[in-house]
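Each chain is listed here by its residues.
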Amino acid sequence: MSLMSAIAGRCLRPSATQAVCGGHFFFRNRSSRFFGTAAATNNSLLDGNGAYGGVVDLNYAVIHPSVPSSTEAHTPVLFLHGLFGSCNNLKFVAKAVGDELGQTVAVVDMRNHGASPHRDTMSYPQQAADIAHLIATQFDGGPVDIVGHSMGGKAAMMLALNHSELIRKLIVVDIAPVPYNVSQEINGVLSAMQSLPLDGSINTTAKVVEHLQATINNKPISQFAATNFVRGKKGTLPRWRLNIDVIAKCISSMRGFPIVEKGISSQVPTLFLHGSKSNYVIDEYKPIIASFFPNHSYQSLEAGHWVHAEKKDEFIREIVNYLGPQQ
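Just so it is clear, the model here is predicted, and its values are computed rather than measured.

*Asks:* A description of the nonpolar core should follow, citing residues and the corresponding values.
*Replies:* Grouped together as the largest cluster of nonpolar side chains are 72 residues, with contacts concentrated most on Phe 84, Ile 146 and Leu 170. By size, the runner-up hydrophobic cluster in this structure holds 25 residues, among which are Val 93, Val 107, Val 147 and Val 320.

Here's what the structure looks like:
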């Protein structure tokens, strides 16, 4: 199994709506028509006061291009990472894209990841509201372009379905708006991370990888998970940078996709950029994608789930080709 293919899993077909961790799965009947319930989103992430409710101020880093574009259009590009990631995962790619387009880019830490605040819930509507709040307060209310990988892609799709005016173009990387199973491997990663003693007895990345390997038995995954380890310094104990306990609690809902009101779709131009060796975006999911994002297109690269790491140059080229030049 390729690196983090566990985050993909196989399509889950729940027999009924499941309310989990602040969110809901959507489901389909035999006619493959999608529908919502009274618990469905109401096509707005705004609260009664016209604000994005329950949001956190996400950590982000702005990267300016080496040579700014000479055109008047300067749409910022936001990069959203996947599960267990941080803004550092996409920083190199984001910088290259910004330089090619002559545009400002920003890499974002999602809630409960990186340096962003920790909260007890992390449903996709909540994550989408976080992004909307970031755009409203730090990027002049948009619109922006968004590149979202895996979990970040699902949050971006939820934002596009609720507030398409905030997004000019969207690139969803190796994920679809469908529920997936939580695999044994991803549960193993969570269990291994939660079992790490944080009393100072293990305080080096090498030792963390060794501990994780005892359960995970996949060195690349162990090394990736260990990037979230923060060593203890004088007077402090080591810790996980991400909110591992809440992620474990919410993993089932994060593998799903929220119920959306029947007929809701987004006209945002959307590219589904996926790995041909991955099972995240397969033909079975394409009718679902088309129902939510009628203005969509596909591009595949010969890679697994981590397209940006396995085919970096091609990945950058596809993003640049889709987002620019701006009119």
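That was the structure; now back to the text.
*Asks:* Can you break down the pattern of salt bridges residue by residue, with the values?
*Replies:* Going through the model one piece at a time under the given rule, you end up with five salt bridges. We note a salt bridge from Glu 210 to Lys 207, for which the minimum N-O separation is 3.9 Å. Linking Glu 210 with Lys 207, this pair stays in helix α5 (residues 205-216), spanning three residues, or about one helical turn. Taking relative accessible area as the criterion, Glu 210 reaches 52% and is therefore assigned exposed. Overall, the relative accessible area of 45% leaves Lys 207 in the partly exposed class.

*Asks:* Go over the environment of Val 182 with me, naming the residues and quoting the values.
*Replies:* Inspection of the secondary structure assignment puts Val 182 in the loop between β7 (167-173) and α4 (184-194). Ignoring any residue separated from it by four or fewer positions in sequence, one finds Val 182 in contact with Asn 187, Ile 251, Ser 252 and Arg 255.

*Asks:* Outline the environment of Thr 104, supporting the account with residue identities and numerical values.
*Replies:* With respect to the helices and strands, the residue Thr 104 is situated in the loop between α1 (91-101) and β5 (105-108). Taking the C-alpha atoms as reference points, Thr 104 and Thr 75, 29 residues apart in sequence, are found 7.5 Å from one another. Here His 64 takes part through its side chain, which lies 3.4 Å from a polar atom of the side chain of Thr 104.

*Asks:* So what's going on with the packing of aromatic side chains? Residues and values would help.
*Replies:* Tallied over the full model, the rule gives eight aromatic pairs. Measuring from centroid to centroid gives 6.1 Å for Phe 257 and Phe 292, while their planes differ by 45 degrees, and the two rings are tilted. One end of the pair, Phe 257, is in the loop between α7 (244-255) and β10 (270-275); the other, Phe 292, is in helix α8 (residues 286-292), with 35 residues separating them in the sequence. The structure contains a cluster of three or more aromatic residues connected by ring pairs, namely Tyr 180, Tyr 280 and Tyr 285. Here Lys 169 stacks its cationic end above the ring of Tyr 322, 5.1 Å away from the centre of that ring. A cation sits over an aromatic face here: Lys 286 above Tyr 298, 4.5 Å from the ring centre.

Quick notes on the rules
Residues numbered from 1 in each chain as written. Predicted model: local features only at pLDDT ≥ 70, side-chain atom pairs only at ≥ 80, totals over all residues. Heavy atoms only, no water. Core = buried A, V, L, I, M, F, W, Y, C linked by side-chain atoms within 4.5 Å. Buried < 20%, exposed > 50% of the residue type's maximum accessible area, 1.4 Å probe, protein only. Salt bridge = Lys/Arg side-chain N within 4 Å of Asp/Glu carboxyl O. Helix = DSSP H or I, 4+ residues; strand = E, 2+ residues; numbered from the N terminus. Contact = heavy atoms within 4.5 Å. Polar contact = N/O pair within 3.5 Å; in protein donor to acceptor, adjacent residues only side chain to side chain. Phe/Tyr/Trp six-rings, centres within 6.5 Å; stacked < 30°, edge-to-face > 60°. Lys NZ or Arg CZ within 6 Å of the ring centre and 35° of its normal.

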